[in-house]
Amino acid sequence: MRIEDAVIMITGASSGIGEATARAALQAGARVILLARRKQRIDALAETSVNALAVACDVTQADQIEHAVRLGMARFGRIDVLINNAGQGLFAAIEEIDVAEFRSLLDLNLIAPLMMMQAVIPQMRRQGAGRIINISSGATLATYPGSAAYTSSKAGLNKLSGVAQLELADTGITVSVVHPFMTATEFYQSVKSGQDVATEQSQQSAAFAHTPERVAETILAVIRSGEAQVDLVPRAYGGSYEG
């Protein structure tokens, strides 16, 4: 798929990987629908380009998703790419996972991407083409203490994506999974619990963490290729990345 003139919808577009991907896509000539709860941030990004539309959206709320898709269609007439990027972390030992927090995490990291997919697939079917890119985590490629809640939510997203690949194979719609490595974003400052562990990991990874822009480059490459799975995880951590 050509990125030039493609209509790309990005969740979690107010910071980090989502913001970097939006900026890279706009620079490449795409038209971009920016979804996030922090409206002021996406408004500021949208002001930089006539090809950007900012829509305040809590992706755990079906009515807000429907509203965002409706506005995107009204503005651009189609949706070619969905990037499910919004997500959050949670660090806790099995015995200490707060069940209510875990349910909330699953709602954002797993159920929200499903609802987003369900919202755009009918339009993509009518177009006869589309790209869905789900941003998972390199942490699902190995096993780490304290990561059970977060990695299980992302492992669920991996499986959801794999089944969708099969079910949509004859429709012209591709479904891809991107596994970022540790990335220098606000992720570690916004975890639901385990802030001390998250801060320690952030400090330990500062010297070798990827920039959001590096991940954005990979996401744009996946839009072009439709490749089913890509990771930015070094082999030492269970991935295939050698860059």
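Residues numbered from 1 in each chain as written. Predicted model: local features only at pLDDT ≥ 70, side-chain atom pairs only at ≥ 80, totals over all residues. Heavy atoms only, no water.

Asks: Would you explain the overall build of the protein in this entry?
Replies: Helix and strand counts for the protein come out as seven helices and seven strands. Starting at the N terminus and ending at the C terminus, the protein contains elements arranged as β-α-β-α-β-α-β-α-β-α-β-α-α-β. Across the 243 residues in the protein, those meeting the buried criterion constitute 50%. Within the protein, residue pairs in contact and separated by at least 24 positions form 69% of the contacts whose partners lie at least 6 positions apart. (Helix = DSSP H or I, 4+ residues; strand = E, 2+ residues; numbered from the N terminus. Buried < 20%, exposed > 50% of the residue type's maximum accessible area, 1.4 Å probe, protein only. Contact = heavy atoms within 4.5 Å.)

Asks: Even after reading the chapter, I still don't get the sheet that holds strand E2 (residues 31–36), so can you show me in this structure?
Replies: Two orientations exist for strands paired in a sheet by backbone hydrogen bonds: parallel and antiparallel. The strand order E3-E2-E1-E4-E5-E6-E7 describes an open sheet built from seven strands, whose pairing is parallel. With one partner strand each, in any of the chains shown, strand E3 (52–56) and strand E7 (229–231) form the two edges of the open sheet. Neighbour to neighbour, the strand axes of the sheet diverge by 15° on average, direction disregarded. Of the strand pairs in this sheet, strand E1 (residues 7–11) and E2 are connected by five bridges, and their pairing is parallel. Considered in E2, the bridge of Met-9 is made with Ile-33. Relative to the sheet, helix H5 (residues 148–167) contacts strand E5 (130–135) and strand E6 (173–179), its axis offset from that of E6 by approximately 155°. Packing against the sheet, helix H7 (residues 212–225) makes contact with E1, strand E4 (81–84), E5, E6 and E7, and its axis sits at approximately 150° to E5. (Pairing = 2+ DSSP bridges. Axes fitted to C-alpha atoms, helices over the stretch in contact; angles between N-to-C directions.)

Asks: Whenever I open this one, the nonpolar core confuses me. Can you help?
Replies: One recurring pattern in soluble globular proteins is that nonpolar side chains are buried together. Among the nonpolar cores identified, the biggest contains 32 residues, and Ile-8, Val-32, Leu-34, Ile-83, Ile-133, Ile-219 and Ile-223 are the most heavily contacted of them. Broken down by secondary-structure element, the contributors of at least two residues to this core are E1, helix H1 (16–27), E2, helix H2 (39–46), E3, E4, E5 and H7. In terms of residues, this core owes the most to one element, H7, which gives five residues. Residue contacts for Ile-223: discarding those within four places in its chain leaves Met-1, Ile-3, Ile-8, Val-81, Ile-83, Arg-131 and Ile-133. With 28 residues, the next largest nonpolar core counts Leu-108, Ala-112, Val-120 and Met-124 among its residues. (Core = buried A, V, L, I, M, F, W, Y, C linked by side-chain atoms within 4.5 Å.)

Nothing here speaks to function; it is all geometry.
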